[in-house]
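Reading the structure
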Amino acid sequence: MGYNQKMFGLGNRRSIIREIFEYSKTRSAEIGAENVFDFSLGNPSVPAPAEVNDTIRELLDTQSSVLLHGYTSAQGDITVRRVIADRINAKFGVCLTPDLLYMTCGAAASLSISLKALIEEAGEEVVVFAPFFTEYRVFIENAGGKVVVSKPMERTFQIDVADFETKLSPLTKAVIVNSPNNPSGVVYSEETVRAMCDVLRRKSAEFGHPIYLIADEPYRELVYAGVEVPYLMNHYENTLVCYSFSKSLSLPGERIGYIAVCPAMEDAKNIYLAVCGAGRSLGYVCAPSLFQHVIAKCIDAKVNVEAYKENRDLLYDNLTAYGYECVKPDGAFYLFVKALEPDAYKFYERAKAHELLVVPCDDFGVSGYVRIAYCTDRKTVVGALPAFKKLAEEYQK
Ligand code: PLP
């Protein structure tokens, strides 16, 4: 037919989140944005820290065009990678070196590169924990892998370690862990992580090859009330960390992140070279130079996580009072809510009639739930509460 039908399919069928986001724009033009309560997209409303903007200005005023807008090394500027490696070592007590760090255009690129670097043959399996970020399926299949879904524990949405063990096979190449989780907001506990890593070690030995752990960590910094997110390199040597500054510094449009290969990994240097090769083959080289330098100077900057926590509390407290069931999220900026009828799409349509735009989560691997992305401004949260109340009452009648 002259072009790739699989790619046509991906382009032609937008993700449900993008679909709703586009609807929101049309609907806002019709009735005014203030009357549409759009909780569809994980686009941070909390601004980037002031030092990020100050640093951009300072760099523009003081540095050469070649440094700011020219190519860096394919894997990223060495001074930038040194700053990031030092920071990770100080924070988590690991021994990362810059030659195990690869700068990327955000977590999406980090994941695509890592999967491409690891998967050798079509049909190798990658285990994901439901509920999971919908794009994993796209990235895994594009790298030639097969998605295998492990179901969560009921109610807590922690990893079901017993189920996980049954999902590992001699074909398993990697496992993707995302904590704090999109869409549940759950942070996997240290106990769960330990149990999962024990299984991984045991199964790697049984199958006679390593199973790699891919830690997808765009939300690491967004946690509430002192909750700790275990650093997976400290629990399992065959770990690649896929990090992004999209949410931690509110810079999703700048496309900046990295891959860190655990120094304790067997064959770490060669896996890193495979990462470099995968980056090259996908065209993901020389992540944006200006933002590499911004990151190096703002490595300790923080967004106002308190603003997300206040949104979480407002929504969680009120929605549970109205009769909705949801897990109290410890991190990220998503609330995972049980739909008030078995079919989450039908519930989504009924919510839409109240101008509430939430995302049905069937594509995230769990049916009967919707996701509320509460990274919106406070006005949207407060404005939406009466509509959520009315919707619940409608079901109670
Ligand atoms: N992984 C998860 C779990 C996400 O939620 C997202 C974005 O929302 C990504 C990866 C992609 O992040 P980035 O924008 O840094 O590519």
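Residues numbered from 1 in each chain as written. Predicted model: local features only at pLDDT ≥ 70, side-chain atom pairs only at ≥ 80, totals over all residues. Heavy atoms only, no water.

1. Some details on the nonpolar core
Threshold: In plain words, nonpolar cores are sets of buried Ala, Val, Leu, Ile, Met, Phe, Trp, Tyr and Cys residues tied together by side-chain atoms within 4.5 Å. Summary of the burial criterion: residues with accessible area below 20% of their type's maximum are buried, those above 50% are exposed, and those between are partly exposed, where the area comes from a 1.4 Å probe applied to protein chains only. An automatic or database domain assignment supplies the start and end points of every domain. Only heavy atoms enter the contact rule, under which two residues are in contact if any of them lie within 4.5 Å.
By size, the foremost hydrophobic cluster in this structure holds 101 residues, and its most contacted members are Phe164 and Val175. Residue contributions to this core reach at least three from each of two domains, namely domain 1 (5-48 + 303-396) and domain 2 (50-297). If we ignore the near neighbours within four places in the chain, the residues touching Val175 are Val127, Phe129, Phe164, Leu168, Leu200, Ile211, Tyr212, Leu213 and Ile214. Core analysis: the next-biggest nonpolar cluster, separate from the first, contains 40 residues, Val305, Tyr324, Leu335 and Ala351 among them.

2. Details of the sheet that holds strand β7 (residues 239-244)
Across a sheet, strands are paired by hydrogen bonds formed along the backbone, either parallel or antiparallel in direction. We apply this condition: Any two strands are treated as partners once DSSP identifies two or more bridges connecting them. The secondary structure listing takes helices from DSSP runs of H or I that are at least 4 residues long and strands from runs of E that are at least 2 residues long, numbered from the N terminus. Every axis corresponds to a line fitted to the C-alpha atoms, with the helix fit spanning only the stretch in contact, and the corresponding angles, defined between N-to-C directions, vary from 0 to 180 degrees.
Ordered by their spatial adjacency, 7 strands build an open sheet running β2-β8-β7-β6-β5-β3-β4, and the pairing between neighbours is mixed. Each edge of the open sheet is held by one strand with a lone partner, namely β2 (101-104) and β4 (146-150). Across the sheet, the mean angle from the axis of one strand to that of its neighbour is 20 degrees, orientation sign disregarded. Pairing of strand β3 (residues 125-129) with β4, which is carried by 5 bridges, proceeds in the parallel orientation. Residue pairing in the sheet places Val127 in a bridge with Val148 of β4. Along the sheet face, helix α9 (residues 190-207) touches β3, β5 (172-178) and β6 (212-216) and points at about 150 degrees away from the line of β6.

3. Observations concerning helix α12 (residues 305-322)
Just so we agree on the cut-off: Helix span, expected: 1.5 Å multiplied by one less than the number of residues in the helix.
An ideal rise of 1.5 Å per residue puts 26 Å on 18 residues; α12 measures up with 26 Å between its terminal C-alpha atoms. Among all positions of α12, only Val305, Ala307, Tyr308, Lys309, Asn311, Arg312, Asp313, Leu315, Tyr316, Leu319 and Tyr322 are buried. Looking at the buried positions of α12, the neighbouring elements they touch are β9 (334-338), β12 (369-373) and α14 (378-396). Of the residues one or two after α12, Gly323 is the one with positive phi, at around 110 degrees.

4. Quick word on the domain arrangement of the protein chain
Quick reminder of the rule: Two parts placed together each lose some accessible area; with a 1.4 Å probe, that loss summed over both constitutes the buried area. By convention in these notes, a salt bridge is any Lys or Arg side-chain nitrogen within 4 Å of a carboxyl oxygen on Asp or Glu. Within 3.5 Å is the distance limit for a polar contact, defined as a pair of N or O atoms, with the added protein rule that one can donate a hydrogen and the other accept it, and that residues adjacent in sequence qualify only through two side-chain atoms.
The assigned domain composition of the protein chain is domain 1 (5-48 + 303-396) and domain 2 (50-297). For domain 1 and domain 2, the distance between their C-alpha centroids amounts to 26 Å. Note on domain 1 versus domain 2: buried area summed over both sides is about 2,600 Å², and carbon and sulfur give 66% of it. Broken down residue by residue, the surface that domain 1 buries against domain 2 is led by Ala48, Asp330 and Phe364, which jointly contribute 24%. One can count 0 salt bridges joining domain 1 with domain 2. The tally of links from domain 1 across to domain 2 stands at 11 residue pairs in polar contact (both at pLDDT 80 or more).

5. Some details on the site of the ligand
Our working rule: For this description, a residue counts as near a given molecule or strand if any of its non-hydrogen atoms is within 4 Å of it.
Surveying the vicinity of the ligand reveals 14 residues, the closest of which are Asp216, Tyr219, Ser244, Ser246 and Arg255. Here a nitrogen atom of the ligand sits 2.6 Å away from a polar atom, N or O, in the side chain of Asp216. Taking Ser244, its side chain carries an N or O atom lying 2.6 Å from an oxygen atom of the ligand. Considering each element in turn, the shell around the ligand owes the most residues, 3 residues, to helix α6 (residues 106-118).

6. Brief notes about the packing of aromatic side chains
Rules: Pairs were defined over the aromatic rings of Phe, Tyr and Trp, the Trp ring being its six-membered one, requiring ring centres within 6.5 Å. Orientation was assigned from the angle between planes: stacked under 30 degrees, edge-to-face over 60, tilted for the rest.
Applying the stated criterion to the full structure yields 19 aromatic pairs. For the pair Tyr243 and Phe245, a centre-to-centre distance of 5.0 Å together with 70 degrees between the ring planes defines the contact as edge-to-face. Judged on exposure class, the residue Tyr243 and its partner Phe245 are both buried. Where Phe333 meets Tyr334, the ring centres are 5.1 Å apart and the plane angle is 70 degrees; that geometry is what we call edge-to-face. As far as the burial class goes, Phe333 and Tyr334 line up, both buried.

7. Some remarks on the sheet that holds β9
Pairing in this open sheet of 3 strands is antiparallel, and the strands run β9-β12-β11 from one edge to the other. The two strands at the open ends of the sheet, each matched to only one other strand, are β9 and β11 (359-360). The pairing of β9 with β12 spans 5 bridges and is antiparallel. Counted as the bridge partner of Phe336 is Arg371 from β12. Strands β9 and β12 of the sheet are contacted by α12, whose axis makes an angle of about 10 degrees with β9.

8. Focus on the environment of Glu394
On the secondary structure map, Glu394 appears in helix α14. C-alpha separation for the pair Glu394 and Met1, spaced 393 residues apart in sequence, amounts to 50 Å. In contact with Glu394, other than residues within four places in its own chain, are Arg350 and His354.

9. Quick look at the packing of helix α3 (residues 50-62) against helix α11 (residues 289-297)
To be explicit about the condition: We call two directions roughly parallel when the angle between them is under 35 degrees, roughly antiparallel when it is over 145, roughly perpendicular when it lies between 65 and 115, and oblique otherwise. Two helices crossing with the near one rotated counterclockwise from the far one by less than a right angle form a left-handed crossing, whereas a clockwise rotation gives a right-handed crossing. Lys, Arg, Asp and Glu make up the charged group, whereas Ala, Val, Leu, Ile, Met, Phe, Trp, Tyr, Cys and Pro make up the nonpolar group; the residues left over, Gly among them, are polar.
Two elements in contact, α3 and α11, have axes whose closest approach is 10 Å; the angle formed by their N-to-C orientations is 125 degrees. As far as their axial angle goes, α11 and α3 are oblique. Of the two elements, α3 crosses α11, and the hand of that crossing is right-handed. Touching Val52, Thr55, Ile56, Glu58 and Leu59 of α3 are Leu290, Phe291, His293, Val294 and Lys297, all from α11. Tallied by class, residues from the contact of α3 with α11 come to 6 nonpolar, 2 polar and 2 charged.

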